[in-house]
Amino acid sequence: MEKSVSLTGLGVLLLPQQVGPLLQDFDLYTQWLVHLVFPNGSEAKATASIEEISRPSDSPGAVAVEKRALLLTQEGIESVPAGTLVYLREQQDPFAI
């Protein structure tokens, strides 16, 4: 993971290091259990959804860059340091109560 951004009231957005098709094979807005391995070796489990984000292009007149990211929706996780490894564990039923 390259960087995380805290989105007030929504969770923590995790931006991948690779721009390629890392999350392209997964359906948008699906919920997953994820396993986080922090650079210091500590670990955590959380819930995340797959989202698509759009970022403005660096050059005028160019098309915005769209890529997929993970949105951690787990309470208690406020930031995630760069270099954290993120593993998708299992899909969660979005209709489970």
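Quick look at the structure, then. Per chain, residue numbering runs from 1 following the sequence as it is written. Selection of residues for local features in this predicted model requires a pLDDT of at least 70, selection of side-chain atom pairs for listing and counting requires 80 or more, and totals for whole chains, interfaces and linings are taken over all residues. Hydrogen atoms and water are omitted, and side-chain values are computed over all heavy atoms in the structure.

## Topic: the overall build of the chain
Phase 1 of the analysis: Runs of H or I in DSSP of at least four residues are treated as helices and runs of E of at least two as strands, each being numbered from the N terminus. Within the chain one finds zero helices and six strands.
Phase 2 of the analysis: Going from the N terminus to the C terminus, the chain shows its helices and strands as β-β-β-β-β-β.
Phase 3 of the analysis: Its C-alpha atoms give the chain principal-axis dimensions of about 45 × 35 × 25 Å.
Phase 4 of the analysis: Among the 97 residues that make up the chain, the fraction classed as buried is 32%. A 1.4 Å probe rolled over the protein chains alone gives each residue an accessible area, and that area as a share of the maximum for its type sets the label: buried under 20%, exposed over 50%, partly exposed in between.

## Let's talk about the pairing of strand β4 (residues 43–55)
Phase 1 of the analysis: One requirement defines pairing of two strands: DSSP has to find at least two bridges between them. Pairing of strand β3 (residues 31–37) with β4, which is carried by seven bridges, proceeds in the antiparallel orientation. Bridge assignment links His35 to a residue of β4, and that residue is Lys45.
Phase 2 of the analysis: Joining the antiparallel neighbours β3 and β4 is a turn of five residues, in which Gly41 adopts a positive phi near 100°.
Phase 3 of the analysis: Pairing analysis gives eight bridges linking β4 to strand β5 (residues 65–72), with the strands arranged antiparallel. What sits directly across from Glu51, in β5, is Ala69.

## Considering the side chain of Lys67
Phase 1 of the analysis: On the secondary structure map, Lys67 appears in strand β5.
Phase 2 of the analysis: Counting rule for charge: Lys and Arg are taken as positive, Asp and Glu as negative, and neither His nor the chain ends is counted. When a carboxyl oxygen of Asp or Glu is within 4 Å of a side-chain nitrogen of Lys or Arg, the pair counts as a salt bridge. The side chain of Lys67 is buried and forms no salt bridge, while Glu2, the nearest opposite charge, is found at 4.4 Å.
Phase 3 of the analysis: Setting aside residues no more than four positions away along its own chain, Lys67 makes contact with Glu2, Leu15, Pro16, Glu51, Glu52, Ile53 and Arg55. Whether two residues are in contact is decided by their heavy atoms, any of which lying within 4.5 Å being enough.

## Points about the nonpolar core
Note on soluble globular proteins: their nonpolar side chains tend to be buried together.
Phase 1 of the analysis: Ranked by internal contacts, the top residues of the largest apolar core, which has 15 residues, are Leu14, Val34, Leu36, Leu70, Leu72, Ile77 and Val80.
Phase 2 of the analysis: At the level of secondary structure, the elements contributing two or more residues to this core comprise β2 (11–15), β3, β4 and β5.
Phase 3 of the analysis: Here, nonpolar core means buried Ala, Val, Leu, Ile, Met, Phe, Trp, Tyr and Cys residues that are tied together by side-chain atoms lying within 4.5 Å of each other. Ranked by size, the runner-up nonpolar core spans five residues in total, among them Leu15, Ile53, Ala69 and Leu71.

## Thoughts on the pattern of salt bridges
Phase 1 of the analysis: Overall, the coordinates contain one salt bridge when judged by the stated rule.
Phase 2 of the analysis: With its nearest N and O atoms 3.9 Å apart, the salt bridge here joins Arg68 to Glu52. Here Glu52 lies in strand β4 and Arg68 lies in strand β5, a separation of 16 residues in the sequence.
Phase 3 of the analysis: A residue is classified by how much of its surface remains accessible, and Glu52, at 38% relative accessible area, is partly exposed.

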